[in-house]
Amino acid sequence: MDAVSLSTLLAAAAMAGWVDAVVGGGGLLLLPALLVAAPGLPVATALGTNKLAAIFGTATAAATYARRTEVDWRVVAPAAGLAVVSAGVGAALAGAVPASAYRPVVLVVLVAVAVFVLLRPRLGVVAVPRRRTPVRVAAVIAVAGVGIALYDGLIGPGTGTFLVLAFTTLVGADFVHGSAMAKVVNAGTNLGALVVFGMTGHVWWLLGAGMAVCNIAGAVLGARMALRRGSGFVRVVLLVVVLALVAKLGHDQWVAR
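This report concerns the structure included in the present document. Please read these numbers as outputs of a predicted model, since none were measured by experiment. (Residues numbered from 1 in each chain as written. Predicted model: local features only at pLDDT ≥ 70, side-chain atom pairs only at ≥ 80, totals over all residues. Heavy atoms only, no water.)

**A few points about the pattern of salt bridges**
Then comes step 1: Counted by the stated rule, this structure contains three salt bridges.
Then comes step 2: Across the pair K51 and D152 runs a salt bridge whose closest N-O atoms are separated by 2.6 Å. Taken as a pair, K51 in helix 3 (residues 43-68) and D152 in helix 6 (residues 134-154) lie far apart in primary sequence, 101 residues in all.
Then comes step 3: According to the relative accessible area criterion, K51 is buried, its value standing at 3%.
Then comes step 4: We note a salt bridge from D72 to R74, for which the minimum N-O separation is 3.3 Å.
Then comes step 5: The exposure class of R74 is exposed, given its relative accessible area of 69%.
Then comes step 6: Connected through shared salt-bridge partners, D72, R74 and R132 make up one network. (Salt bridge = Lys/Arg side-chain N within 4 Å of Asp/Glu carboxyl O. Helix = DSSP H or I, 4+ residues; strand = E, 2+ residues; numbered from the N terminus. Buried < 20%, exposed > 50% of the residue type's maximum accessible area, 1.4 Å probe, protein only.)

Right under this line is the structure:
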């Protein structure tokens with residue numbers, strides 16, 4: 001790999017760390033960058049190398065949030081535990097089902113998410129503690145720890161965004177606390193997927209380690225910025241990331257075929 005491609009990847013890793021720390025969706029930047037910088041790279045190897053960089057960034061962001069805001073570990077801990085296993089299962093299945101089979105479904109979900117957030121301007125701006133009932137807690141643990149985690153192992157991009165929305169809509173967290181909770185679960189999904197990709201030889205360890213350093217730097221900056229600027233800022237970034245994901249997946253589905 002030449003110096004220009006390597007520099008581009010390192011810069012993309014830093015930016016992906018920032019996006020992931022604020023609202024998730026850093027894979028939207030890093031995965032295409034990997035595939036462009038290394039033509040012919042198997043998708044599973046790109047996913048695995050991305051997970052190596054991302055796990056350090058999400059863990060760093062989770063620690064930064066935990067030091068400066070409250071994290072409900074009764075919700076997050078079981079979800080993260082399930083996420084390790086579910087993402088591992090998803091990673092084991094990655095490549096068995098073509099990404100094209102998922103794109104239409106994910107596109108519909110993302111468009112629905114964008115419309116939902118736009119039509120509910122108060123969503124995630126302030127916390128709604130009354131939503132944190134036992135039934136809703138069980139539901140968000142299942143959705144985050146099984147459904148979204150399985151998706152992360154299979155495909156990946158947008159996982160952090162889906163997690164933030166799960167915590168805000170199902171248990172009434174504001175966007176800052178929802179993002180903090182999402183980072184912990186996302187670290188679990190990255191760990192589960194990384195173990196499987198590593199065992200099957202689908203990780204470029206040296207490149208991934210270099211990207212991890214940059215991802216950490218971006219994650220620290222993003223988490224601090226989200227904490228300082230609050231839920232309104234996170235909401236704006238969320239919408240930008242969701243629309244970017246829609247554009248990217250739409251391009252892959254209809255233009256790049």
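**Topic: the nonpolar core**
Then comes step 1: Of all hydrophobic cores here, the largest spans 59 residues; its most connected members are F167, V185 and V234.
Then comes step 2: No other element matches the nine residues that helix 10 (residues 231-255) contributes to this core.
Then comes step 3: Dropping the residues within four chain positions of it, F167 is found in contact with V75, V140, A144, G172, A173, G178, M181, A182 and V185.
Then comes step 4: Of all hydrophobic cores here, the second largest spans 27 residues; its members include A13, A37, L52 and L207. (Core = buried A, V, L, I, M, F, W, Y, C linked by side-chain atoms within 4.5 Å. Contact = heavy atoms within 4.5 Å.)

**Quick notes on helix 2 (residues 27-37)**
Then comes step 1: The complete set of buried residues in helix 2 reads G27, L28, L30, L31, A33, L34 and A37.
Then comes step 2: At its buried positions, helix 2 is contacted by helix 1 (3-22), helix 3, helix 9 (205-229) and helix 10.

**A look at the side chain of T69**
Then comes step 1: Checked against the element boundaries, T69 lands in the loop between helix 3 and helix 4 (73-93).
Then comes step 2: The exposure class assigned to T69 is buried, which follows from its relative accessible area of 14%.
Then comes step 3: For T69, the side chain forms a polar contact with the side chain of H177, separated by 2.8 Å.
Then comes step 4: In this structure T69 touches H177, A180 and L227, once residues within four positions along its chain are discounted. (Polar contact = N/O pair within 3.5 Å; in protein donor to acceptor, adjacent residues only side chain to side chain.)

**Things to note about the packing of aromatic side chains**
Then comes step 1: Tallied over the entire structure, the rule returns two aromatic pairs.
Then comes step 2: Ring plane angle 80° and centroid distance 6.2 Å describe the contact between W18 and F233, whose orientation is recorded as edge-to-face. One end of the pair, W18, is in helix 1; the other, F233, is in helix 10, with 215 residues separating them in the sequence.
Then comes step 3: Owing to a relative accessible area of 16%, W18 belongs among the buried residues under this scheme.
Then comes step 4: Accessibility expressed as a relative area gives 17% for F233, which makes it buried. (Phe/Tyr/Trp six-rings, centres within 6.5 Å; stacked < 30°, edge-to-face > 60°.)

**A few points about the packing of helix 6 against helix 8 (residues 175-199)**
Then comes step 1: Where helix 6 contacts helix 8, the two axes come as close as 10 Å, and the packing angle between them is 45°. Taken together, the axes of helix 6 and helix 8 are oblique relative to one another. Considering how the two elements wind past one another, helix 6 and helix 8 form a crossing that is right-handed. On helix 8, the residues touching A144, A149, D152 and G153 of helix 6 are V185, N186, T189, N190, A193 and F197.
Then comes step 2: Residues of the contact of helix 6 with helix 8, tallied by class, amount to five nonpolar, four polar and one charged. (Axes fitted to C-alpha atoms, helices over the stretch in contact; angles between N-to-C directions. Parallel < 35°, antiparallel > 145°, perpendicular 65-115°, else oblique. Left-handed = near helix turned anticlockwise from the far one by under 90°. Nonpolar A, V, L, I, M, F, W, Y, C, P; charged D, E, K, R; others polar.)

**Notes on the environment of V117**
Then comes step 1: Note that V117 resides in helix 5 (residues 103-119).
Then comes step 2: A C-alpha to C-alpha distance of 16 Å links V117 and G160, two positions 43 residues apart in sequence.

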